[in-house]
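Close look at the chain arrangement
The residues making up each chain are set out below.
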Amino acid sequence: MAATPGNPGIAAFAPCYPVSTLAPQNLIRVARETSPDLIIIGPEGPLVEGCVDALQAEGFRVFGPSKQAARLEASKIYSKAFMLRHGIPTAKAFACTKVTEAIEKLSEFPGKIVIKADGLAAGKGVVIARDTAEANHTISSMMAGELVGAAGTSILLEEFLEGEEVSFIVICDGQDYICLPPTQDHKAIFDGDRGPNTGGMGTYSDDGILTKEDRSTIEETIVKPTLAGLASEGTMFRGFLFIGLMMTPAGPKVLEYNVRLGDPETQSILLRVEGGFGSAIAAAANGNLNHAVIPLKPGASACVVLAAAGYPGKPRMKDKISGIPEAETLGAKVFHAGTKEEDGHLLTAGGRVLGVSAAGDSLANALNLAYAAVAKVNFEGMQFRKDIGQKGLKRYTES
C-alpha cells in the first residue's frame, strides 16, 4: 500500500510519495515503482486532468471516472446543462460569460441568489448573495478572478432553494451502484451557517437524515437518470458519484455533482462502515458490483473540522499541533488533512488541518465524543464550528 502525495497521518500506515498528483506521468512513475493491485484516485484535480485514463492506458487497474465523466464536477455549467437534458430535478439557472450579461439576469432572481464559479474552486466557488448589491459585487469580483481565480471567469446564476442539504454518495461500476450512508455537511465557516463557504467544516451521518421514501425518490429520480444519461451520451461512470442535494418541499433537487468521495463526508461515512468497503471498490473497478455488500454499523457518526487561522482566506502555516494522541485515547479518530512534519514537530500546512471524528450509538453520543476529542487538540489560531449536527439533534427533539 502506498499514497501520493500523502501526509503525516497517512504515513503512519503507508509510504508516501510527495509528487504532484495533477501530472499523470508522476502517478505512472509511482505506480510502476509500487506495482499496486488497485489505484484509487481521491481528489478532483487528478480526475479532471485525466489521470485515470493515463493510468489505465499503462495497464493499471484504477477506480475513478474518466476525464470525460469528470466533467460533471469540472464545470458547473456543463453539469447544469446535463441535468436539464435528462430531466433531473434541479434549480433554475443561467450560464454567464460576461459581467454585463450576468447583471442583466439578476432581475429574474428575486430575493437571495446563488452565484457559482464554473470551474474547480476547492469548495469555495459558491456564494449566496442576499440582495442585488451583494450579487453585483460578487459577480464583478468573481468574474475578474479575485475570488477563486480562473475558476470564476464563467459563472452560473442559480435560483436559491429552501430546505436542508444532504450529501448522497454512491459507488458505481458503470452500470450498478451501491448507496453509502447519507451525510449532512456544514459549508459556512461560522456557527449558524454564517460567513463565507469553505470546503466543509464538519459532517454527521445517521439514519434520520433521510427516510426510506426519500432514498427511493433520490435513486429513481436522480441516481438512475444520471447514470443512464451518461451512458446515453457514451460515457461510462465508474467511481464515486457524489450528489449534493437540497431536500425541498417539492422533493430532492440536485445542487451539484462531485466525482469523488467528499471531505469531510468520508470521515463520517467510514466510521459507519462495518466492513466490505475495499472489496466493494475492487468489485466496482472490475465492473461487477452487483454482488457486493457494505454492512453498516447502527448508530451515528460525526466529524468536526479544525481549520487554520485565516481560513477560508489565506491560511496561516507552520503552527505547532498538539493533543492528537490524547484525542484518540478517548476513542475518536483524527484524520489528517493540512499537516506536515518538520524538525520532529507536527505543523499546520493548509486551510483545513484535521478532521476529528467519532461514532456512537446515537448522534448525541457521537457528537459528544467528537467534541471531547476536539478539546484535547490545540494549535495557534485553531477555529472550528461548535454546532455540527445540531440540525440532526433538533430533528429528534421535534419528532
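An account of the accompanying structure is given in this report. (Residues numbered from 1 in each chain as written. Predicted model: local features only at pLDDT ≥ 70, side-chain atom pairs only at ≥ 80, totals over all residues. Heavy atoms only, no water.)

**A closer look at the pairing of strand β4 (residues 113-117)**
Quick note on the threshold: Using a 1.4 Å probe on the protein chains alone, a residue whose accessible area is under 20% of its type maximum counts as buried, one over 50% counts as exposed, and one in between counts as partly exposed. The numbering of helices and of strands both runs from the N terminus, where a helix is a DSSP run of H or I of at least 4 residues and a strand a run of E of at least 2. Two strands qualify as a pair provided that DSSP identifies no fewer than 2 bridges between them.
Counting buried residues in β4 gives five out of five residues, a clear majority hidden from the surface. Inspection of the sheet shows β4 paired to strand β5 (residues 126-129) by four bridges, in the antiparallel sense. Bridge assignment links K116 to a residue of β5, and that residue is V126. In this structure, β4 lies alongside strand β6 (residues 155-159), joined through five bridges in antiparallel fashion. For I115, the partnering residue across the bridge sits in β6 and is L157.

**Some details on unusual backbone geometry**
Residues apart from glycine generally show negative phi values, whereas peptide bonds are mostly found in trans. The omega torsion across T4 and P5 is -5°, close enough to zero to call that bond cis. Looking at the element boundaries, P5 is found in the segment before α1 (8-11). With an omega dihedral of 25°, the bond running from D263 to P264 counts as a cis peptide bond. The phi angle at D193 is positive, at roughly 60°, despite the residue not being glycine. Within the secondary structure, D193 is located in the loop between β10 (188-190) and β11 (194-197). What makes D193 partly exposed here is its relative accessible area of 40%. One non-glycine residue, K318, adopts positive backbone phi at about 70°. With respect to the helices and strands, the residue K318 is situated in the loop between β15 (300-307) and α12 (324-329).

**Some details on the pattern of salt bridges**
The condition is simple: Between Lys or Arg on one side and Asp or Glu on the other, a salt bridge is scored when a side-chain nitrogen of the former is within 4 Å of a carboxyl oxygen of the latter.
Summed over the entire model, instances satisfying the criterion amount to 20 salt bridges. Put simply, E158 and K80 hold a salt bridge, and the shortest N to O gap is 2.8 Å. Of this pair, E158 sits in strand β6 while K80 sits in helix α6 (residues 76-85), and the two are 78 residues apart along the sequence. Summarising the burial analysis for this pair, E158 and K80 share the class buried. One salt bridge in this structure joins E164 and R395, with 3.0 Å as the shortest N-O distance. On the criterion of sequence distance, the pair formed by E164 in strand β7 (residues 164-173) and R395 in helix α14 (residues 390-398) is long-range, its members being 231 residues apart. One connected set of salt bridges, linked through shared partners, spans D193, R385, D387 and K391.

**Considering the sheet that holds strand β12 (residues 202-205)**
With antiparallel pairing, five strands are arranged side by side in an open sheet as β9-β12-β15-β19-β16. Each edge of the sheet is formed by a strand with only one pairing partner; in this case those strands are β9 (184-185) and β16 (333-336). When β9 meets β12, the two strands line up antiparallel, connected through two bridges. From the neighbouring strand, D185 faces β12, where its bridge partner is T203.

**A few points about the packing of aromatic side chains**
Note the threshold: When the centres of two rings from Phe, Tyr and Trp lie within 6.5 Å, Trp using its six-membered ring, the rings pair. Their planes under 30 degrees apart give stacked, over 60 give edge-to-face, and anything left gives tilted.
In the structure shown here, the tally under the stated rule is five aromatic pairs. Between the aromatic rings of F63 and F240, the centroid separation amounts to 5.0 Å while the plane-to-plane angle is 90°, which identifies the pairing as edge-to-face. With a gap of 177 residues between them, F63 in strand β2 (residues 62-63) and F240 in strand β13 (residues 238-248) connect regions that are remote in the sequence. The class for F63 is buried, based on a relative accessible area of 1%. Consider the rings of Y371 and F384, whose centres lie 6.4 Å apart with planes at 45°: the pair is tilted.

**Things to note about empty space enclosed by the protein**
Note the following rule: Computed over the protein atoms alone on a 1 Å grid, cavities are sets of points where a 1.4 Å probe fits but cannot get out and pockets are open sets with protein on both sides within 12 Å along at least five of seven lines; a residue lines them when it has an atom within 4 Å of a point. Grid points are joined across faces, edges and corners, and a volume is the space filled by probe spheres set on the points. Each residue gets one of three labels, nonpolar for Ala, Val, Leu, Ile, Met, Phe, Trp, Tyr, Cys and Pro, charged for Asp, Glu, Lys and Arg, and polar for the others, Gly among them.
One pass over the full model with this rule turns up one cavity of 30 Å³ or more. Estimates place the volume of the largest cavity at around 40 Å³. As for the largest cavity, its lining consists of D263, Q267, V305, A337, R352, V353, L354 and G355. With four residues, the single largest contributor to the lining of the largest cavity is strand β19 (residues 352-360). Grouping the amino acids of the lining of the largest cavity by side-chain chemistry returns four nonpolar, two polar and two charged.

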